[in-house]
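The primary structure of each chain is shown beneath.
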Amino acid sequence: MEYNDFTRVISDKERGLDMQVAFPALMKKVYLWMTLALAITGITAYMVAASPGLMMSIYTNPILFWGMIIGEFAIVILVSARINRLSLMSATIWFAVYSVLNGALLSFIFVAYAQTTITEVFFITAGTFAAMAFIGSTTKRDLTKFGGILLMALIGIVIASIVNLFVGNNTFDLIISYAGVLIFVGLTAWDAQQIKQTLALAPAADEGAQKIALLGALNLYLDFINLFLYLLRIFGRNDN
């Protein structure tokens, strides 16, 4: 064996060892970031709900309300499109800001639904999410083709939801909610598999790989929140 071939073999072995260490660390960071973001959102929502004046400011001021919604969309687009240009610190801060904004906007659930319903639905969501994330991370079946179908279905229910804002049909709203649950159950498994496959290629837990993990955490966070909201609309119908 020539010297160059020998050094190449050693390099490949070292890279394999680096990946064995980096991969589980990166996967842990995905779920740690997601959990922290959910905690920030929950605490913010509760604190805003505990301040009637602050809630009134958000929901009676169209400029502030729509500004926060537009701000959320802008942050998701910014982080997703410019993740390679942002520093890890900047991306993390934007994720935290998004979690706070989302929490403030979700504060209404503490007024619209009973505390017991919120708690029950949260645990149902957590259990469902964990099961689907596990399936997505462990299944040998390629879920790539399902991703495109689920994204198209998601666009469909967004359009249907907008239409129902004007129609106000309760039965149609229930159908949309069940469809939303199915879609985000599927997206959770799909995202979990995509994150695992992407991070498995990372040579080390460097900043670039950690930014990919952060983006994965954002996607799973969005899956969890939307799954929670659709389940809340189903189980909390009697609270309204």
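What follows concerns the overall build of the protein chain. Helix and strand content of the protein chain: nine helices and zero strands. Each helix (α) and strand (β) of the protein chain, taken in turn from the N terminus, gives the series α-α-α-α-α-α-α-α-α. Overall, the protein chain is about 75 × 35 × 30 Å in size when its C-alpha atoms are taken along their principal axes. Within the protein chain, counting contacts between residues at least 6 apart in sequence, those at least 24 apart form 86% of the total. Of the side-chain charges in the protein chain, 14 are positive and 14 negative, and the distance between the mean point of each set is 3 Å.

The next subject is the packing of helix α3 (residues 62–81) against helix α4 (residues 88–105). Closest axis-to-axis distance for the α3/α4 pair is 10 Å, and the angle between their directions is 150°. Between α3 and α4, the angle falls in the class roughly antiparallel. You can see that α3 and α4 cross each other, and the crossing is left-handed. Together, Phe65, Met68, Ile69, Gly71, Glu72, Ile75, Val76, Leu78 and Val79 of α3 and Trp94, Val97, Tyr98, Leu101, Asn102, Ala104 and Leu105 of α4 make up the contact between the two elements. By residue class, the composition of the contact of α3 with α4 is 13 nonpolar, two polar and one charged.

We now examine a nonpolar patch on the surface. A surface patch of nonpolar side chains, about 1,000 Å² in accessible area, is lined by Ile155, Val158, Ile159, Ile162, Val163, Leu165, Phe166, Val167, Phe172 and Ile175. Of all the secondary-structure elements, those providing two or more residues to the nonpolar patch are α7 (144–167) and α8 (170–199). Considering every element that reaches the nonpolar patch, the biggest residue donor is α7, with eight residues. By relative accessible area, which is 31% here, Phe172 ends up partly exposed.

With that settled, consider the confidence of the model for the protein chain. This prediction gives the protein chain a mean pLDDT of 87; 90% of its residues lie at or above 70. Averaged pLDDT values for the elements of the protein chain fall to 73 in helix α1 (residues 3–49) and rise to 95 in α4. Predicted confidence for residues 1–17 stays below pLDDT 50, and this span has three contacts to residues more than four positions away or in other chains.

What follows covers the packing of aromatic side chains. Considering all chains together, one arrives at nine aromatic pairs under this definition. Plain terms: the ring middles of Tyr46 and Phe110 are 5.6 Å apart, the flat faces sit at 80° to each other, and that makes the pair edge-to-face. Remark: Phe110 occurs in helix α5 (residues 109–112) and Tyr46 occurs in helix α1; sequence separation between them is 64 residues. You can call Tyr46 exposed: its relative accessible area is 51%.

If you trace the backbone, Phe172 turns up in helix α8. C-alpha separation for the pair Phe172 and Ser161, spaced 11 residues apart in sequence, amounts to 8.9 Å. In this structure, Phe172 is in contact with Ala160 and Asn164, ignoring residues within four places of it in sequence.

Taking 1.5 Å of rise per residue, the 20 residues of α3 would be expected to cover 28 Å, and the 28 Å separating its terminal C-alpha atoms lies within 8% of that figure. On the buried face of α3, the contacting elements are α2 (52–60), α4 and α9 (207–235). Of the residues flanking the start of α3, the one acting as N-cap is Asn61, its side-chain oxygen 3.1 Å from the backbone nitrogen of Ile63.

With respect to the helices and strands, Asp223 occurs in helix α9. We note that Asp223 is buried and unpaired, the nearest opposite charge coming from Arg233 at a distance of 15 Å. Those residues in contact with Asp223, other than ones at most four positions away along the chain, are Phe129, Phe184, Leu187, Thr188 and Asp191.

Moving on: the packing of α4 against α9. Across the interface, α4 lies against α9 with an axial gap of 10 Å and an inter-helix angle of 10°. The orientation of α4 relative to α9 falls into the category roughly parallel. Residues Leu88, Ala91, Thr92, Phe95, Tyr98, Ser99 and Asn102 of α4 form the contact with α9, whose participating residues are Glu207, Gln210, Lys211, Leu214, Ala217, Leu218, Tyr221, Leu222 and Ile225. Among the residues forming the contact of α4 with α9, the class breakdown is 10 nonpolar, four polar and two charged.

Moving on, we get to the layout of surface pockets. For the largest pocket, the calculated volume is near 1,600 Å³. Lining the largest pocket are 38 residues; nearest its centre among them are Phe73, Val158, Asn226, Leu229 and Tyr230. Looking at the lining of the largest pocket, its residues break down into 28 nonpolar, five polar and five charged. Reported here for the second largest pocket is a volume of approximately 330 Å³. Looking at the second largest pocket, it is lined by 15 residues, and the ones nearest its centre are Leu38, Thr41, Gly42, Phe122 and Phe228. If you list the elements that add at least two residues to the lining of the second largest pocket, you get α1, α5, α6 (115–138) and α9. With six residues, α1 is the single largest residue contributor to the lining of the second largest pocket. Broken down by class, the residue content of the lining of the second largest pocket amounts to 12 nonpolar, three polar and no charged.

The rules behind each value
Residues numbered from 1 in each chain as written. Predicted model: local features only at pLDDT ≥ 70, side-chain atom pairs only at ≥ 80, totals over all residues. Heavy atoms only, no water. Helix = DSSP H or I, 4+ residues; strand = E, 2+ residues; numbered from the N terminus. Contact = heavy atoms within 4.5 Å. Lys, Arg positive; Asp, Glu negative; His and termini not counted. Charge placed at Lys NZ, Arg CZ, Asp CG, Glu CD. Axes fitted to C-alpha atoms, helices over the stretch in contact; angles between N-to-C directions. Parallel < 35°, antiparallel > 145°, perpendicular 65-115°, else oblique. Left-handed = near helix turned anticlockwise from the far one by under 90°. Nonpolar A, V, L, I, M, F, W, Y, C, P; charged D, E, K, R; others polar. Patch = residues over 30% accessible without salt bridge, like charges linked within 9 Å, V, L, I, M, F, W, Y side chains within 5 Å. Areas by Shrake-Rupley, 256 points an atom, 1.4 Å probe, with all protein chains shown as cover. Salt bridge = Lys/Arg side-chain N within 4 Å of Asp/Glu carboxyl O. Buried < 20%, exposed > 50% of the residue type's maximum accessible area, 1.4 Å probe, protein only. pLDDT = per-residue confidence, 0-100. Phe/Tyr/Trp six-rings, centres within 6.5 Å; stacked < 30°, edge-to-face > 60°. Expected span 1.5 Å × (residues − 1). Polar contact = N/O pair within 3.5 Å; in protein donor to acceptor, adjacent residues only side chain to side chain. 1 Å grid on protein atoms, 1.4 Å probe; cavity = no way out; pocket = protein on both sides within 12 Å on 5 of 7 lines; lining within 4 Å. Points joined across faces, edges and corners; volume = space filled by probe spheres on them.

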